[in-house]
Amino acid sequence: MARPNVVVFVPDQLRADAVGCFGNPHVRTPNLDALAARGTRFTNAFVQHPVCSPSRASFLTGWYPHVAGHRTLTHLLRPEQPNFLKSFKDNGYHVTWVGERGDTFAPGGTEASVHEYGFSVPPEVTWPARADYDDDLAARTFYLGRVEDSVDFDEAAIRSAEQWLAKPPPEPWVLFVPLLAPHVPFKAAEPWFSMYDRDEMPDPLPPGSGEPAFHQAIREGYGLDRMTPGKWREIIATYYAMVSRMDDHLGRVLAAAGENTVTAFFADHGEYLGDFGLVEKWPTSMSPNITRDPLIIAGPGVPEGEVVDDMVELIDVFPTLLELCDVPDDTHRHFGRSLLPRLRGEIEVHREYAFSEAGFTVEEEPQLERPAYPYDRKGELQHANPRLVGKVVAVRDRSWTYVHRLYEGPELYDRVADPHESVNLAGRPEHAAVEQRMRDEILRWYLETADVIPYTPDPRRPKVELPTP
């Protein structure tokens, strides 16, 4: 049988519990639900970084963010750095990227990794577009509401994908589809905007106990005490509208892709959506509404209707795709693990632990972003108190989450009794052994993954083309 084609569909800022097949009873995601029914859904998949560009750098390379310093929005993948799109390209696959996301590769990196890039159907609205908010509260919660229908970034990307899929290349191909939705601002056109009854929307989680310092800093800095339950439900309904539109976009791509196609669906991170009285995301968010990922893989070689509850990291996706497509995974040492041995029943547990990390030292404060309105207050908080974005690592197993922050006390959450991770149990004597075990795992992980030795050695005593002294 011919090697399968691959669709990699990556929405931006989609939390796992905003998808029907991941347990949400309110949202309508028929295409995602159908994809999960004919594939495998992973309930404990976690991103390695809570912000878009570092997360993408991680899942494309199989490296944790600390391995090569990919911890910011401006340290992107360089052309000489390995990544799995390039692995497909170098092994007989035609690799196409629809859309123009410029927040993944540094100059030259895209050209080295894919054959085609951009829009064949251009958008009517450029990205990022200027947003006109009704008032300061709308701006600080990134709420635009109902907008006119247009060929925006996502619609242009989907039309480009459909046009490309109508005449695909003869060799096996990879189609990479990274969208914007449901990233803020919260906005939707009809019929999506009116799809959800605001009165039926769930209320967000209240603030927790023992929370990290940035929670209160965001609430105060953004003036989120002005938010009412009704305003939060309005945002949630609009977010769900964006999710449903994205689901429709996925359905259109899969309908055009044809048979013998492997599909990988996942997001780069999640969204607070009012939980803990917060909105959007934060550079050191470790809670599951930001870090838990709606990973689904389907197609030839993947069991149908399966659910895997093992711990999974997003860096595991691409080695899985390489193995499904019989592409050698030998370009560089990385830390992703193919999921296929677990899916084939060859091993009992894929991973025991999943790690996420982020943040900066106070000495790196001058390098922190200075975003424009309405993100300006987010940047101001970070520069005024860089400890709010201090380095952080979270380690999870099926039962516990332990969060170690460089400039704050630790956090410990009982994932069984407290799946939303609202009640910090760190410091309680009855959980001391759990805390110690999880701290030990972080130390082991750092030692094992601190760096990589390139496969290509440098010659010792190279000839030096310089004059003698």
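This section reports on the structure supplied with the text. Keep in mind that this is a model prediction, so the values were computed, not measured.

### Details of the overall build of the protein chain
Helix and strand counts for the protein chain stand at 14 helices and 14 strands. In terms of overall size, the protein chain behaves like a compact globule, its C-alpha atoms giving a radius of gyration of 22 Å where 469 residues would be expected to give roughly 23 Å. Along the longest, intermediate and shortest principal axes, the C-alpha atoms of the protein chain span 60 × 55 × 55 Å. In the protein chain, which comprises 469 residues, the share counted as buried stands at 59%. Within the protein chain, contacts between residues separated by at least 24 positions form 76% of all contacts whose residues are at least 6 apart in sequence. Accessible area of the protein chain: about 19500 Å², with a carbon and sulfur share of 52%. Taken together, the 47 basic and 72 acidic charged side chains of the protein chain have centroids lying 3 Å from each other.

### A closer look at the layout of surface pockets
Counted as a void, the second largest pocket has a volume near 370 Å³. Along the walls of the second largest pocket sit 19 residues, with Thr43, Asn44, Arg292, Arg415 and Pro419 positioned nearest its centre. At the level of elements, strand E2 (39–46) and helix H10 (288–291) are the ones that each hand at least two residues to the lining of the second largest pocket. With three residues, the single largest contributor to the lining of the second largest pocket is E2.

### A look at the nonpolar core
Residues Phe9 and Phe186 are the most contacted members of the largest nonpolar core, which totals 79 residues. It is helix H9 (residues 229–257) that contributes the most residues to this core, 14 residues altogether. Residues in contact with phenylalanine 186, not counting those within four places in the same chain, are Thr141, Phe142, Tyr143, Leu144, Gly145, Ile235, Thr238, Tyr239, Met242, Glu271, Leu273 and Val279. Core analysis: the second largest hydrophobic core is formed by 39 residues, Val10, Phe42, Ala57 and Ala264 among them.

### A short note on empty space enclosed by the protein
Within this structure, the stated rule accounts for two cavities of 30 Å³ or more. Every residue lining the largest cavity is counted, 18 residues in all, and those nearest its centre are Pro212, His215, Ser287, Glu411 and Tyr413. Those elements giving two or more residues to the lining of the largest cavity turn out to be helix H8 (213–222), strand E13 (400–405) and strand E14 (411–414). Taken together, the residues of the lining of the largest cavity sort by class into seven nonpolar, seven polar and four charged. Approximately 40 Å³ is the volume attributed to the second largest cavity. Taken together, Phe214, Thr284, Arg387, Leu388, Gly390, Lys391, Arg405, Leu406, Tyr407 and Glu408 make up the full set of residues lining the second largest cavity.

### Some remarks on the packing of helix H7 (residues 153–166) against H9
Contact pair H7 / H9: the axes reach a minimum separation of 9 Å and the direction vectors enclose 10°. Judged on the interaxial angle alone, H9 and H7 are roughly parallel. Along the contact surface, H7 presents Asp154, Glu155, Ile158, Arg159, Ala161, Glu162 and Leu165, while H9 presents Arg245, His249, Arg252, Val253, Ala256 and Ala257. A per-class count over the contact of H7 with H9 returns six nonpolar, one polar and six charged.

### Points about the environment of histidine 404
Take histidine 404: it is sitting in strand E13. For histidine 404, a relative accessible area of 39% corresponds to the partly exposed category. In this structure the C-alpha to C-alpha distance between histidine 404 and isoleucine 442, which are 38 residues apart in sequence, comes to 8.8 Å. In contact with histidine 404, other than residues within four places in its own chain, are Lys391, Val392, Val393 and Ile442. A distance of 3.3 Å separates polar atoms of two side chains, one belonging to histidine 404 and the other to tyrosine 402.

### Observations regarding the environment of proline 54
Assignment of secondary structure puts proline 54 in helix H2 (residues 52–61). Put simply, proline 54 and glutamate 435 are 381 residues apart on the chain and 27 Å apart in space, counted from C-alpha to C-alpha. Discounting chain neighbours no more than four positions away, the residues touching proline 54 are His49, His70, Arg71, Thr72 and Leu73.

### Focus: helix H11 (residues 317–324)
With seven of eight residues buried, H11 lies mostly within the body of the structure. Of all the positions in H11, only Val317, Phe318, Pro319, Thr320, Leu321, Leu322 and Leu324 are classed as buried. With its phi angle positive at about 55°, aspartate 326 sits one or two positions after the end of H11.

### Thoughts on the sheet that holds strand E8 (residues 261–265)
Taken in spatial order, the eight strands line up as E4-E3-E6-E1-E8-E9-E2-E10 in an open sheet, and their pairing is mixed. Strand pairing shows two members of the sheet lacking a second neighbour, strand E4 (116–118) and strand E10 (306–313), which therefore form its edges. Between one strand and the next, the sheet's axes are offset by a mean angle of 15°, whatever the strand orientation. Where strand E3 (residues 94–98) meets E4, three bridges bridge the pair, whose relative direction is parallel. Within the sheet, the bridge partner assigned to threonine 96 lies in E4 and is glutamate 116. Against the sheet, H9 makes contact with strand E1 (5–10), strand E6 (173–178) and E8, and its axis sits at roughly 170° relative to E1, the strand it touches most.

### Brief notes about H2
Judged by how many residues are buried, H2 sits mostly within the fold: ten of ten residues are covered. Every buried residue of H2 is listed here: Cys52, Ser53, Pro54, Ser55, Arg56, Ala57, Ser58, Phe59, Leu60 and Thr61. Where H2 is buried, its residues contact E1, helix H3 (65–68), helix H4 (84–89), E6 and H11. Two residues or fewer past H2, glycine 62 is found with a positive phi of approximately 80°.

Conventions adopted
Residues numbered from 1 in each chain as written. Predicted model: local features only at pLDDT ≥ 70, side-chain atom pairs only at ≥ 80, totals over all residues. Heavy atoms only, no water. Helix = DSSP H or I, 4+ residues; strand = E, 2+ residues; numbered from the N terminus. Rg over C-alpha atoms; globule rule 2.2 N^0.38 Å. Buried < 20%, exposed > 50% of the residue type's maximum accessible area, 1.4 Å probe, protein only. Contact = heavy atoms within 4.5 Å. Areas by Shrake-Rupley, 256 points an atom, 1.4 Å probe, with all protein chains shown as cover. Lys, Arg positive; Asp, Glu negative; His and termini not counted. Charge placed at Lys NZ, Arg CZ, Asp CG, Glu CD. 1 Å grid on protein atoms, 1.4 Å probe; cavity = no way out; pocket = protein on both sides within 12 Å on 5 of 7 lines; lining within 4 Å. Points joined across faces, edges and corners; volume = space filled by probe spheres on them. Core = buried A, V, L, I, M, F, W, Y, C linked by side-chain atoms within 4.5 Å. Nonpolar A, V, L, I, M, F, W, Y, C, P; charged D, E, K, R; others polar. Axes fitted to C-alpha atoms, helices over the stretch in contact; angles between N-to-C directions. Parallel < 35°, antiparallel > 145°, perpendicular 65-115°, else oblique. Polar contact = N/O pair within 3.5 Å; in protein donor to acceptor, adjacent residues only side chain to side chain. Pairing = 2+ DSSP bridges.

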